[in-house]
Amino acid sequence: MSVRRLAEEQFQPAGFSFNAENIAWAEATIRKYPAGRQQSAVIPLLMRAQEQEGWVTKAAIEHVGEMLDMPFIRVLEVATFYTQFQLKPVGTRAHIQVCGTTPCMLRGAEDLIHVCKSKIHPEPFERNAEGTLSWEEVECQGACVNAPMVMIFKDAYEDLTVTQLEHIIDRFAAGKGSDIKPGPQVDRIFSAPAGAPTTLTDDIQPIRFNDTPAPAPAKAEEASVPPANAAKPVTDAPETDKSLKTPVTAKKAAAENVKQKGDNADTARPVEKEVAPAPAPVMDEKNRPAGIERPETPDDLKMISGVGPKIEATLNGLGVYTFEQIAKWKKAEREWVDTYLKFSGRIERDDWVKQAKALAKGGEAEYIKVFGKKPR
Ligand code: FES
């Protein structure tokens, strides 16, 4: 967690005032609170000031304090407490807040931070050369089930892999961030099980909260395991890109909202984007590891920590039967398999390659020598 202070004087503008539209909105917002409770409007007013200026300036804090008849220090306390408020200029197209709390960290947040460091700036809160992107690490954003995740302004992007975050950053850098559907970036609805429902599947259609088409049938995981000699899975990248685009219906809804805003600026609220079917992971088929015919005595891949019976069956379906094969996987191949298994970086974290190398070299004895414990 970073120390949260106001930006240095050289960044601070001389003054602040809401523009005409925002002043009308702010006055209407203050009127919503009962007499004597107007100070409760401090958060919405600060947020509006941030949306207008791009960040919360000292002058904005003082202006909001005056509007609400509130000591400046109280407004400052609010602005410095919530990481939703930016206290210095951030990227104009995206400020990426990477959750670094335990569940996200266990599922690969550190790798996401490395992506931000390499693609944006080595230091948090520093902008890239164009001034369009910045990043920081924040505490839990309340989407732990979908870890790891990032927030970009008001939207959350969840179930991320390194490849997906790189793609998201590239789209925002190009000014095309709206192409990316917020929410889970894997085949799941909100925080429902990835792939398909796992409970109450008998002849009962799951209750849905929107019009999202039903996911694959309940036995999707088994069905997704191709036979050893099956053709490679179809993973067409361009189509994946298309599926990431905002659905036409959402654009229509947004247009309606703009009209509504014009009709009634006080009550207009952003229309929630329609949740499109989750995009298939970005996978480049050339990186799929080469498979082999099933040998007479395949290795027990379950000896690798992180591989259970189902994952072993899936690997076998890809033509992967031996430790030696896994030990030779290059980074791109590991990422391919990781995405295919929807593992969010687990192959790297569990270091399958190191485990497989030890098992291929000397079985259990070598594994104990390397890791100081028995394989599973
Ligand atoms: S730990 Fe990351 S969202 Fe909760």
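Residues numbered from 1 in each chain as written. Predicted model: local features only at pLDDT ≥ 70, side-chain atom pairs only at ≥ 80, totals over all residues. Heavy atoms only, no water.

Undergrad: How should the packing of aromatic side chains be read in this particular structure?
TA: Any aromatic ring pair is given by two values, namely how distant the centres are and how the planes are angled relative to each other. Summed over all chains, the structure comprises eight aromatic pairs. Taking the centre distance of 5.1 Å and the plane angle of 15 degrees together, the rings of W336 and Y340 count as stacked. Placement of the pair is W336 and Y340 together in helix α13 (residues 331–340), with a separation of four residues, close to one helical turn. Joined through ring pairs, the aromatic side chains of F81, Y82 and F85 make up one cluster. Positioned over the ring face of W25 is R48, at 4.2 Å from the centre of the ring. Here the basic side chain of R346 rests over the ring of F343, its NZ or CZ set 4.3 Å away from the ring centre. (Phe/Tyr/Trp six-rings, centres within 6.5 Å; stacked < 30°, edge-to-face > 60°. Helix = DSSP H or I, 4+ residues; strand = E, 2+ residues; numbered from the N terminus. Lys NZ or Arg CZ within 6 Å of the ring centre and 35° of its normal.)

Undergrad: What's the story with the packing of helix α3 (residues 58–67) against helix α4 (residues 72–81) in this structure? I'm lost.
TA: The geometry of a pair of packed helices is captured by two quantities: the angle between their axes and the separation between those axes. Following both chains from N to C, one finds α3 and α4 inclined at 125 degrees, their axes separated by 9 Å at the closest point. With respect to α4, the element α3 is oriented oblique. The two elements α3 and α4 cross, and the hand of that crossing is right-handed. Every residue of α4 that contacts α3 at I61, E62, V64, G65 and E66 is listed here: F72, V75, L76 and A79. The residue makeup of the contact of α3 with α4, split by class, is six nonpolar, one polar and two charged. (Axes fitted to C-alpha atoms, helices over the stretch in contact; angles between N-to-C directions. Parallel < 35°, antiparallel > 145°, perpendicular 65-115°, else oblique. Left-handed = near helix turned anticlockwise from the far one by under 90°. Contact = heavy atoms within 4.5 Å. Nonpolar A, V, L, I, M, F, W, Y, C, P; charged D, E, K, R; others polar.)

Undergrad: Help me understand the sheet that holds strand β2 (residues 133–138) in this model?
TA: Within a sheet, each strand pairs with its neighbour through backbone hydrogen bonds, oriented either parallel or antiparallel. Taking strand neighbours across the sheet as the criterion, the five strands line up as β2-β1-β3-β4-β5 in an open arrangement whose pairing is mixed. Edge positions in the open sheet fall to β2 and β5 (183–184), since each of these has one partner strand only. Two strands pair when backbone bridges link them, and strand β3 (residues 150–152) and strand β4 (residues 155–158) are joined in this way by three bridges, in the antiparallel orientation. Within β4, the position partnered with M151 by the bridge is A156. Strand contacts of helix α6 (residues 109–119): β1 (94–99), β2 and β3, with the helix running at about 155 degrees to β1, the strand carrying the most contacts. (Pairing = 2+ DSSP bridges.)

Undergrad: Would you mind going over the packing of helix α1 (residues 20–31) against helix α2 (residues 42–53) with me for this structure?
TA: Viewed as axis vectors pointing N to C, α1 and α2 meet at an angle of 170 degrees, and their least axial separation amounts to 10 Å. In terms of their interaxial angle, α1 and α2 are classed as roughly antiparallel. Between α1 and α2, the contacting residues are E21, N22, W25, A26, T29 and I30 on the first element and P44, L45, R48 and Q52 on the second. Taken together, the residues that form the contact of α1 with α2 break down as five nonpolar, three polar and two charged.

Undergrad: What is the right way to look at unusual backbone geometry in this model?
TA: Both trends apply: most residues other than glycine have a negative phi, and most peptide bonds are in trans. The step from A147 to P148 runs through a cis peptide bond, and the omega angle for that step is -5 degrees. In this fold, P148 is placed in the loop between β2 and β3. Even without glycine at this site, D159 takes up a positive phi of about 55 degrees. The backbone phi angle of S344 is positive, close to 50 degrees, even though this residue is not glycine. When you line up the elements, S344 lands in the loop between α13 and α14 (346–349).

Undergrad: Just to check I follow, could you spell out the side chain of N22 for this structure?
TA: Along the polypeptide, N22 turns up in helix α1. Relative accessible area serves as the criterion here: at 7%, N22 is assigned to the buried category. Residues contacting N22, with those up to four places away along its chain left out, are R48 and Q52. (Buried < 20%, exposed > 50% of the residue type's maximum accessible area, 1.4 Å probe, protein only.)

Undergrad: Help me understand α2 in this model?
TA: In an α-helix, one turn spans 3.6 residues, which is why side chains three or four residues apart end up on the same side. With 12 residues, α2 extends 16 Å from end C-alpha to end C-alpha; this agrees with the ideal 16 Å at 1.5 Å per step. Looking at α2, one finds that the buried residues are V42, L45, L46, M47, R48, A49 and Q50. Summarising the contacts, the buried residues of α2 are in contact with α1, α3 and α4. Looking one or two residues beyond α2, the residue adopting positive phi is G54, at roughly 95 degrees. (Expected span 1.5 Å × (residues − 1).)

Undergrad: Is there a simple way to think about α13 in this case?
TA: With seven of 10 residues buried, α13 lies mostly within the body of the structure. Those residues of α13 lying buried are E333, R334, W336, V337, D338, T339 and Y340. Of the surrounding elements, those touching the buried residues of α13 are α11 (309–317), α14 and α15 (352–371). Following α13 by one or two positions, K342 has its phi on the positive side, about 55 degrees.

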